[in-house]
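Chains, contacts and geometry: an overview
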Amino acid sequence: MAHPTFFKKVKYEKELERDLAAEIIATPGGEKILSCLQCGTCGSACPLSVYMDYTPRKLIGMVREGFKEEVVTSFAIWLCASCYECTVRCPSGIGVTEVMYALKRIAIREGIYPRHFPVPVLAKEFLKMLKGSGRTNEFWLVLRVLLKTAPMKLLTSWPLGLRLWQRGRMCLGSTRIPKAANEDLRRMLEVIEASTGGPLKSPLPVTVGAQPSGGDLKKAA
Amino acid sequence: MAYTYFPGCCMHGFARHCQDSLYAVFDALGLELRELPEWNCCGATTYISVEENQAFALGARNLAMAEKLGSEIVAPCTACYMILKKTKDHLARYPDLREKIDQALAAIGLHYEGKIEILHPLEIILRDVGVKGLKAKVKKPLRGWNVAPYYGCLIARPYALSEGFTLEAFDQLVPALGANLVDFELKARCCGGSLTGTIEEVGHRLVYILLHQAKLARAHCLVTVCPLCQLNLEAHQGKIKRRYGDDVTIPIPYFTQLIGMALGLSEKALGLEKLLVPLRWELAEKAFAAREPAAA
């Protein structure tokens, strides 16, 4: 995970990826990022911002300016536990949590995350399980994620599993919904995928941050 | 009165004790739960980090099926509750999304009107039984218990909490059971959700902050309204003790377990033996004995 102080660099205008902002604006909840006041209320309300490399405020600022690489490779987007505290507090009515989801989607879509990092692996395994059986089973989900990310953790996690099992709180059997219902579910998801026309949404015609940024002025240096 | 029950995956998995107690308490209060047949996972807060429109379709399928049955949905997991409400909200506000979802639902012979109400069991108890009604049914008041209510994040956030409900109103259910209401400041702070399993160092810290605050507030138990919070807060107490050198052991009942105890229901019916940190009737005296000298 890139740490901001090590990777801070000047960006030239042509290095900026402006279509990132357009994609976020096209997402329900992200429409208002251009009205962000940069007040920092989101970050101060966030219970996780102290662990983040970029606070939500910085992320929104960077999205607007086209710092796609920094945003998508940040640790912060994976830390968001989607508690919606920022969304409730934002004076500009920005769905900060939805912005975070959108950034996670972009990172997963473009394969930009460390291979053994558990958060995106969990998300992908969750999806696979849901599509396969219509419901999720936390025991198999956790087991799969641990095997894929940190198998050694099984050594420290099994006592909890045992305690849950002893109390009849572990479902080792199948939790799948009836076959016909599962077929329905899959068909429904396929129809949506077809109507979405691939993962990328058509960007809206908006111009973002037209004024020259500090980067251009420092070009000579 | 009958409701359509949307259990969510947790209630059929690690939170079976929550489900047991929910059924028992609803039964004792004269409310009926009918499980929605063939429900699918709502996608929680995870699905949408991979696919967006599909995530709304998952909620919409459940809503459409429940609409056919007619009665209101009860979702005892706050993640399911929030996701179903968010789906309803977004389908009403974003016509483009609605069109796509309608198309997909039509392909499997379903239709969604957008009229169904989604409620948390807390809201049902407060609205249809009421504080007074609950008080009248209490057989074994929880006298001397300091109960800290913890609601977690999702029930108190944008799409959640139906009109006319506040966390303060829910607080009133605690004194109705005969217990002392502890003013728990962090009642709506996030417990970290799945972070306790993915980025452990951070997840444990978030849980520790809550447990530590409960200890400072001298609570005997921290009552939760979400099965994931319930698991998070109780399952990692041992690791937290080792990591931070602070003993924060405290029972974490699901709220229907606590209500059920006051209603005089059996421990087995409430699934009390399934809690990782045991909750017992003599809790209050023991806890007093252990903590009084330290406080003085």
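Residues numbered from 1 in each chain as written. Chains lettered and ligands numbered in written order. Predicted model: local features only at pLDDT ≥ 70, side-chain atom pairs only at ≥ 80, totals over all residues. Heavy atoms only, no water.

Let us look at the packing of aromatic side chains. Going through the model one piece at a time under the given rule, you end up with 13 aromatic pairs over all chains. Taking 5.8 Å as the distance between ring centres and 85 degrees as the angle between the ring planes, the aromatic pair formed by Tyr 84 of chain A and Tyr 159 of chain B counts as edge-to-face. Highlighted residues: Tyr 84 of chain A in the loop between helix H6 (76-79) and helix H7 (85-89) and Tyr 159 of chain B in the loop between strand S5 (146-150) and helix H7 (167-171), drawn from two different chains. Residue class for Tyr 84 of chain A comes out buried when judged on its relative accessible area of 1%. Tyr 159 of chain B gets classed as buried once you look at its relative accessible area, which sits at 15%. Each ring, one from Tyr 151 of chain B and one from Phe 170 of chain B, has its centre 5.9 Å from the other, and the planes form 40 degrees; the classification is tilted. A residue pair is termed long-range when its members are at least 10 positions apart, and Tyr 151 of chain B in the loop between S5 and H7 and Phe 170 of chain B in helix H7 qualify at 19 residues. (Phe/Tyr/Trp six-rings, centres within 6.5 Å; stacked < 30°, edge-to-face > 60°. Helix = DSSP H or I, 4+ residues; strand = E, 2+ residues; numbered from the N terminus. Buried < 20%, exposed > 50% of the residue type's maximum accessible area, 1.4 Å probe, protein only.)

Taken together, the contacts link 60 residues of chain A with 65 residues of chain B. Taking both partners together, chain A and chain B bury about 5500 Å²; carbon and sulfur atoms supply 65% of that area. Between chain A and chain B we count 5 salt bridges in total. For Glu 51 of chain B, the salt bridge identified is with Lys 131 of chain A, shortest N-O distance 3.1 Å. For the pair chain A and chain B, the interface holds 20 residue pairs in polar contact (both at pLDDT 80 or more). Going through the elements one at a time, H6, H7, helix H8 (96-109), helix H9 (118-133), helix H11 (154-166) and helix H12 (179-196) of chain A are the ones with two or more residues in the side of chain A that touches chain B. For the side of chain A that touches chain B, the leading source of residues is H12 of chain A, giving 11 residues. Of the residues belonging to the side of chain A that touches chain B, the class tally is 33 nonpolar, 10 polar and 17 charged. (Contact = heavy atoms within 4.5 Å. Buried area = accessible area lost by both parts, 1.4 Å probe. Salt bridge = Lys/Arg side-chain N within 4 Å of Asp/Glu carboxyl O. Polar contact = N/O pair within 3.5 Å; in protein donor to acceptor, adjacent residues only side chain to side chain. Nonpolar A, V, L, I, M, F, W, Y, C, P; charged D, E, K, R; others polar.)

Residue and element names in this part refer to chain B. Burial analysis of S5 places 5 of its 5 residues in the buried class, which makes it a mostly covered element. The two faces of S5 match: Asn 146, Ala 148 and Tyr 150 on one face and Val 147 and Pro 149 on the other face are all buried. Here 2 bridges tie S5 to strand S6 (residues 180-181), and the two strands are oriented parallel to one another. Across the sheet, Asn 146 pairs through a bridge with Asn 180, a residue of S6. As paired elements, S5 and strand S7 (residues 221-224) share 4 bridges and run parallel to each other. Among the inter-strand pairings, Val 147 is bridged to a residue of S7, identified as Cys 221. (Pairing = 2+ DSSP bridges.)

Function-wise, these values are silent; they only describe arrangement.
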